Structures are given as structure tokens and as C-alpha cells.
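Here are the chains, one letter per residue:
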Amino acid sequence: MKLLVTGGAGFIGSVVTRMLLDNGHDVTVLDDLRTGHRAALAPDATHVELPVHEAARVLTPEAGFDGVLHFAALIAAGESMVKPELYWHANTVSSIALIDAVRAARVPRLVFSSTAAVYGNPTELPIPETAVKAPTNTYGATKLAVDMALTSEAIAHDLAAVSLRYFNVAGAYLRDDLALGERHDPETHLIPIALDVAAGRREKLQLFGDDYPTVDGTCVRDYIHVADLARAHLLALSAAVPGRHRIYNLGNGSGFTVKQVVDVVREVTGHPVPVEVSPRRDGDPVELVASSALARDELGWTPEKPTLHDMVGDAWAFYRAHVLGQR
Ligand code: UFG
């Protein structure tokens, strides 16, 4: 297939791009490198340096694209509470422009990076796709708006749409010839920050709230390895059906508290990780754990690296080689 990947220079988009190329697809990456990394671009893909809202310049009817995978977005839930306008523009307004371009160019299928954050504080655990959607942060709301736009687009204009609702993505994609890992600037995610502390590049980890109603008072999240998540995108592309918007949660179904994650980082790295309890971060849901039964049943998706040790181990291997420069 001829595919357009927005955000193909980012963490997840770059891994999916490699897998698509390995499976014989022709890939064009649309990424303005605002948060993506030039070094993460696949040499075998065409790169177009444009923002998502200008996708129509590439996605012309003559170009003959068979599908779009839309990753490009702002992703920090905490920041989305402080600068919501950035998130509505980057995540929702740009996605609507992309959907317009997809319709105008008669591209048959679109796979969208949605999020567990659409559920807010869930009323049932593990969370099925049918659970109440009540985001506690602007980030989740901006993604839910696009999910809803895709539902109506699929029905009205026969688009084959799939939303994948990611839980907390971790690990790195490591092969003999390749290493793609997580590098955000500034970094806001728990595991890369904990690795920074373990490596002695930060003094301590701020633990955002230890008075939540959980086993140890810290928030619970469901972690998924980036390679497992990436494989689900290839399955989703094949499973997309015209006129339908399919939605799948992607997680492992096990919840880990922030303290438990930090313990695994201490174990895997063999280094201390000093922690300082700080106030709660605005917008954080208490507990997000996925039911991915639908992805398993309908897509045939099976995670190959479901353990947090594997994810932290791969993230640490990437961190040592590519951030610290040690091999
Ligand atoms: N946390 C800390 N200290 C830190 C960083 C994080 O205590 O320095 C805590 C957070 O408060 C939260 C947990 O660690 O309780 C995980 O936080 P992350 O920032 O790593 O991830 P989030 O759960 O906020 O969000 C992530 C992605 C979103 C995605 C969501 C889905 O950033 O894009 O997972 O669950 F939608």
C-alpha cells in the first residue's frame, strides 16, 4: 500500500514506519520536526517537512494514497491543562484538516492514534471500549473529539477508520541495525525521567501525589511495549472496513503504580532513584488499565513483550547507548 504517516519522526510513528517498510509498503512521512527527530526518519521513506494542517499539499487525488496513519500530536496530559489552546489546535483542528484532505483525495482508510485518556476516571476496570468517555484532561478531550469526528466521517463518507487507544507506551525498538527510543524535550513521562535519575542526570524524581485511592497512594497505569503497539497498527490497517469506525484499546491489562514502576527502574538499572513526593499533577486520572479483549479477538493481536521488566530493560538499553553513549 502507499501510505502517509504523520508524525513518522516521533517515538511511535518512527517504529511503525520501519515495520510498514519491512512489510513492503511505500511510506511517505509527514513531519514538521517540531517534536520529532530527524535521526528517527527512515532512510527508505520519503520525508515531507510540513505540519499536519497542510497535509492536503501531499495528499492530492493524483498521489494515489491507499491510507493514512495519523500519529502527529502533542501528548503531555499535564501541559494540556496549562496550555489547552495548543492542544486543541495541534490535535483537533489539524486532525479535522487532515480528515478533509483524506476525503478530498478519496483516500480509503485512516488509522488514528487515540488514547486511554479519553476515559478519564473509569467507571469499570479493566476498561472496555464501551466505557463512559469523560476525560479529566484537555489532551484526552482533544483526542476524543477526533474519535467522534471519525465515527461520523466513516458513516457519512464511507471511510475505513480505526482508532487505537494507547495506554502508557514504553520500551524501545531495538534491532542489530536500529534503535528507536523515547526522547521528548522537555521529557514529562515517568519511565524516561526515572532513567534520567538512575543515570545521575537528574537529582530526583518528583512523584506527583501519594494520596490517591490506590494500594500505595500513587496513580496506576497499564504499560505497553512500543513494538507490540506498532504491530497492532499493521493489523488495524488490514482490518479497516469502509463505512465503519473500529476502536480498540491497547494495553496489557495489568496496572502498575508509580512507585512500582520506580522500583522496577531501580531493579533493572541497579541504581538508586531518589523520589520526592510533590503535589498531584492536574488532570491525572487515578487508574487506567485496559481490556484489550477486542484487539485480541478481532485483530488477532498478541503482545510479545508484556512485562514491565522487558519494557524498562529495552528503554534502559536505548538510553545507555543513545543518550549516555555507552555500549
Ligand atoms: N509521574 C510522576 N512524576 C513524573 C512523571 C510522571 O509522578 O515526573 C506520574 C504521573 O503523575 C502519572 C504517571 O506517572 O501518574 C504516568 O505519567 P506519564 O506522564 O508518564 O503518562 P500519562 O499517564 O500522564 O500519559 C501517558 C501519555 C499519554 C497517554 C496516556 C495514556 O503521555 O499520551 O499515557 O494512559 F494518553
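Residues numbered from 1 in each chain as written. Predicted model: local features only at pLDDT ≥ 70, side-chain atom pairs only at ≥ 80, totals over all residues. Heavy atoms only, no water.

Per an unreviewed UniProt entry, the chain goes by the name UDP-glucose 4-epimerase and belongs to Micromonospora purpureochromogenes. On record in UniProt, under Subunit (unreviewed entry), the comment for the chain is "Homodimer." What UniProt states about the chain under its Cofactor (unreviewed entry) heading is, verbatim, "NAD(+)". (UniProt positions renumbered as here; feature names shortened; annotations may be inferred.)

(A) Inspection of helix H7 (residues 258-269) at higher detail. A rise of 1.5 Å per residue sets the reference length of H7, with its 12 residues, at 16 Å; its end C-alpha atoms lie 17 Å apart and thus fit the reference within 8%. Residues of H7 that are buried make contact with helix H5 (190-198), strand S10 (205-208), strand S12 (223-225), strand S14 (256-257), strand S15 (275-278) and helix H9 (308-323). At the C-terminal side of H7, Gly270 shows a positive phi close to 75°. (Helix = DSSP H or I, 4+ residues; strand = E, 2+ residues; numbered from the N terminus. Expected span 1.5 Å × (residues − 1). Contact = heavy atoms within 4.5 Å.)

(B) Representation of unusual backbone geometry. Across the junction of Leu125 and Pro126, the peptide omega takes the value -10°, indicating a cis bond. Residues Asp185 and Pro186 are joined by a peptide bond in cis, for which omega reads 0°. Looking at the secondary structure, you find Pro186 in the loop between strand S9 (178-180) and H5. Positive phi outside glycine occurs at Arg106, with the angle close to 55°. Relative to the assigned elements, Arg106 resides in the loop between helix H3 (84-104) and strand S5 (109-115). The exposure class assigned to Arg106 is exposed, which follows from its relative accessible area of 65%. Its identity as a non-glycine residue notwithstanding, Asp158 has a phi of 65°, on the positive side. Structurally, Asp158 can be placed in the loop between helix H4 (138-157) and strand S6 (160-166). (Buried < 20%, exposed > 50% of the residue type's maximum accessible area, 1.4 Å probe, protein only.)

(C) Spatial organisation of the domain arrangement of the chain. Looking at the chain, the domain boundaries give domain 1 (2-170 + 224-250) and domain 2 (173-221 + 253-288 + 305-323). For domain 1 versus domain 2, the separation of C-alpha centres amounts to 24 Å. On the side of domain 2, 24 residues touch domain 1, which itself brings 29 residues to the contact. When domain 1 packs against domain 2, the two sides together hide about 2,300 Å² of surface, and 63% of this comes from carbon and sulfur. Among the residues domain 1 hides against domain 2, the three largest losses belong to Phe11, Arg18 and His225. Together they make up 23% of the total. Here domain 1 is connected to domain 2 by one salt bridge. Our enumeration of links across domain 1 and domain 2 arrives at seven residue pairs in polar contact (both at pLDDT 80 or more). At the level of secondary structure, the elements contributing two or more residues to the side of domain 1 that touches domain 2 comprise helix H1 (11-22), helix H2 (77-82), strand S7 (168-170), S12 and helix H6 (226-239). If one sorts the elements of the side of domain 1 that touches domain 2 by residue count, H1 sits on top with six residues. Along the lines of polarity and charge, the residues of the side of domain 1 that touches domain 2 split into 17 nonpolar, nine polar and three charged. (Domains from an automatic or database assignment. Buried area = accessible area lost by both parts, 1.4 Å probe. Salt bridge = Lys/Arg side-chain N within 4 Å of Asp/Glu carboxyl O. Polar contact = N/O pair within 3.5 Å; in protein donor to acceptor, adjacent residues only side chain to side chain. Nonpolar A, V, L, I, M, F, W, Y, C, P; charged D, E, K, R; others polar.)

(D) Quick look at the packing of aromatic side chains. Taken as a whole and judged by the stated rule, the model has two aromatic pairs. With 6.5 Å between their ring centres and 85° between their planes, Tyr87 and Tyr139 make a pair best called edge-to-face. Residue Tyr87 is located in helix H3, and its partner Tyr139 is located in helix H4; the two are separated by 52 residues in the primary sequence. Relative accessible area serves as the criterion here: at 10%, Tyr139 is assigned to the buried category. Seen from their ring centres, Trp316 and Tyr319 are 5.8 Å apart, and the 15° between their planes marks the pair as stacked. You can see Trp316 and its partner Tyr319 sitting in helix H9, three residues apart, about one turn around the helix. The ring centre of Phe65 lies 4.7 Å from the NZ or CZ of Lys2, which sits over that ring. Between Arg280 and the ring centre of Tyr212, over which it is positioned, the NZ or CZ distance is 4.0 Å. (Phe/Tyr/Trp six-rings, centres within 6.5 Å; stacked < 30°, edge-to-face > 60°. Lys NZ or Arg CZ within 6 Å of the ring centre and 35° of its normal.)

(E) How the structure looks around the site of the ligand. Taken together, 20 residues surround the ligand, and among them Thr115, Asn168, His189, Gln206 and Asp284 come closest. Burial of the ligand by the protein chains amounts to 93% of its free accessible area of 680 Å². For the shell around the ligand, the secondary structure elements donating two or more residues are H5 and S10. Sorting elements by how many residues they give to the shell around the ligand places S10 first, with three residues. Looking at the shell around the ligand residue by residue, the class counts come to 12 nonpolar, five polar and three charged. Both domains that meet at the shell around the ligand, namely domain 1 (2-170 + 224-250) and domain 2 (173-221 + 253-288 + 305-323), each give it at least three residues. (Near = heavy atom within 4 Å. Areas by Shrake-Rupley, 256 points an atom, 1.4 Å probe, with all protein chains shown as cover.)

(F) Region of interest: the nonpolar core. Ranked by size, the top nonpolar core spans 44 residues in total, and within it Ile12, Leu20, Leu69, Leu164, Val169 and Leu250 carry the most contacts. Where this core is concerned, the elements lending two or more residues are strand S1 (2-6), H1, strand S2 (26-30), S6, S9, H6, strand S13 (245-250) and helix H8 (293-299). The element contributing the most residues to this core is H6, with nine residues. Both domain 1 (2-170 + 224-250) and domain 2 (173-221 + 253-288 + 305-323) contribute no fewer than three residues apiece to this core. Leave out the neighbours within four places in its chain, and Leu69 touches Leu3, Leu4, Val5, Thr6, Val16, Leu20, Val111, His233 and Leu237. (Core = buried A, V, L, I, M, F, W, Y, C linked by side-chain atoms within 4.5 Å.)

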